[in-house]
Amino acid sequence: MAVVEVTYDKEADAAYVYFTEPCERRSVAHMYPCDPVGMRGMINLDFDDGGQLVGVEVLAASSKLPRYLLDAAVRIDVEDQ
């Protein structure tokens, strides 16, 4: 089973799904915004210089992602984790 890291900011209701290992995080060279009609939220696809997908940002995450995923995510809106 593949393991991905997910971070979640409850205050912003935004989640980020990383497709790279933490030790090899690549910088984002291109961001492709997706605004699915009728979905009430935006999804941003982040690509590196080589065109590889490095992560996905999900806005309005609480209505787009399963609760168990957000509960297991690393909280970035809490100081003392």
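Up top is the structure.
Residues numbered from 1 in each chain as written. Predicted model: local features only at pLDDT ≥ 70, side-chain atom pairs only at ≥ 80, totals over all residues. Heavy atoms only, no water.

## What about the sheet that holds strand S4 (residues 43-47)?
Turning to step 1, where the next piece is worked out: Here we have six strands laid out as an open sheet, ordered S3-S4-S5-S2-S1-S6, and mixed in their pairing. Each edge of the open sheet is held by one strand with a lone partner, namely strand S3 (30-34) and strand S6 (74-75).
Turning to step 2, where the next piece is worked out: Of the pairings in the sheet, the one linking strand S1 (residues 5-9) to strand S2 (residues 14-18) comprises five bridges and is antiparallel in character. Bridge pairing links Asp9 to Ala14 in S2. (Pairing = 2+ DSSP bridges. Helix = DSSP H or I, 4+ residues; strand = E, 2+ residues; numbered from the N terminus.)

## Comments concerning the nonpolar core
Note on soluble globular proteins: their nonpolar side chains tend to be buried together.
Turning to step 1, where the next piece is worked out: The biggest cluster of nonpolar side chains holds 10 residues, and these are Val6, Tyr8, Ala15, Val17, Val56, Val58, Ala61, Leu65, Leu70 and Ala73.
Turning to step 2, where the next piece is worked out: For this core, the secondary-structure elements that each account for two or more residues are S1, S2 and strand S5 (53-59). (Core = buried A, V, L, I, M, F, W, Y, C linked by side-chain atoms within 4.5 Å. Buried < 20%, exposed > 50% of the residue type's maximum accessible area, 1.4 Å probe, protein only.)

## Considerations on unusual backbone geometry
Turning to step 1, where the next piece is worked out: Although it is not a glycine, Asp13 sits at a positive phi angle of roughly 50°.
Turning to step 2, where the next piece is worked out: On the accessibility criterion, Asp13 (18% relative accessible area) is buried.

## Things to note about the pattern of salt bridges
Turning to step 1, where the next piece is worked out: The final tally for this structure, using the stated rule, is two salt bridges.
Turning to step 2, where the next piece is worked out: The shortest N-O distance in the salt bridge between Asp71 and Arg67 comes to 3.1 Å. Taken as a pair, Asp71 and Arg67 lie in helix H1 (residues 67-72) at a separation of four residues, close to a single helical turn.
Turning to step 3, where the next piece is worked out: Taking the relative accessible area as the measure of exposure, Asp71 reaches 55% and is therefore exposed. (Salt bridge = Lys/Arg side-chain N within 4 Å of Asp/Glu carboxyl O.)

## Here we look at the environment of Glu21
Turning to step 1, where the next piece is worked out: For Glu21, the location among the structural elements is in the loop between S2 and S3.
Turning to step 2, where the next piece is worked out: Judged by its relative accessible area of 49%, Glu21 falls in the partly exposed class.
Turning to step 3, where the next piece is worked out: For Glu21 and Val4, which are 17 residues apart along the polypeptide, the C-alpha to C-alpha distance reads 7.9 Å.

## A look at a nonpolar patch on the surface
Turning to step 1, where the next piece is worked out: There is a patch of nonpolar side chains on the surface, built from Val4, Phe19 and Leu53 and spanning about 230 Å² of accessible area.
Turning to step 2, where the next piece is worked out: Mapping Leu53 onto the fold places it in strand S5. (Patch = residues over 30% accessible without salt bridge, like charges linked within 9 Å, V, L, I, M, F, W, Y side chains within 5 Å. Areas by Shrake-Rupley, 256 points an atom, 1.4 Å probe, with all protein chains shown as cover.)

## Some words on the pairing of S4
Every other side chain in a regular strand lies on the same face of the sheet, so the side chains alternate between the two faces.
Turning to step 1, where the next piece is worked out: What you see with S4 is a clean split: Asn44 and Asp46 sit on the buried side and Ile43, Leu45 and Phe47 on the side with no burial.
Turning to step 2, where the next piece is worked out: Summarising the sheet, S3 and S4 pair through five bridges and their orientation is antiparallel. Counted as the bridge partner of Cys34 is Ile43 from S4.
Turning to step 3, where the next piece is worked out: The hairpin formed by S4 and S5 contains five residues between the paired strands, and Gly51 there has a positive phi angle of roughly 85°.

## Remarks on the side chain of Thr7
Turning to step 1, where the next piece is worked out: Mapped onto the fold, Thr7 is located in strand S1.
Turning to step 2, where the next piece is worked out: Looking at Thr7, the relative accessible area reads 8%, which means it is buried.
Turning to step 3, where the next piece is worked out: Beyond its immediate chain neighbours, meaning those up to four positions away, Thr7 contacts Ala14, Ala15, Tyr16, Tyr18, Ala73, Val74 and Ile76. (Contact = heavy atoms within 4.5 Å.)

Spatial relationships are all this shows, so hold off on functional conclusions.
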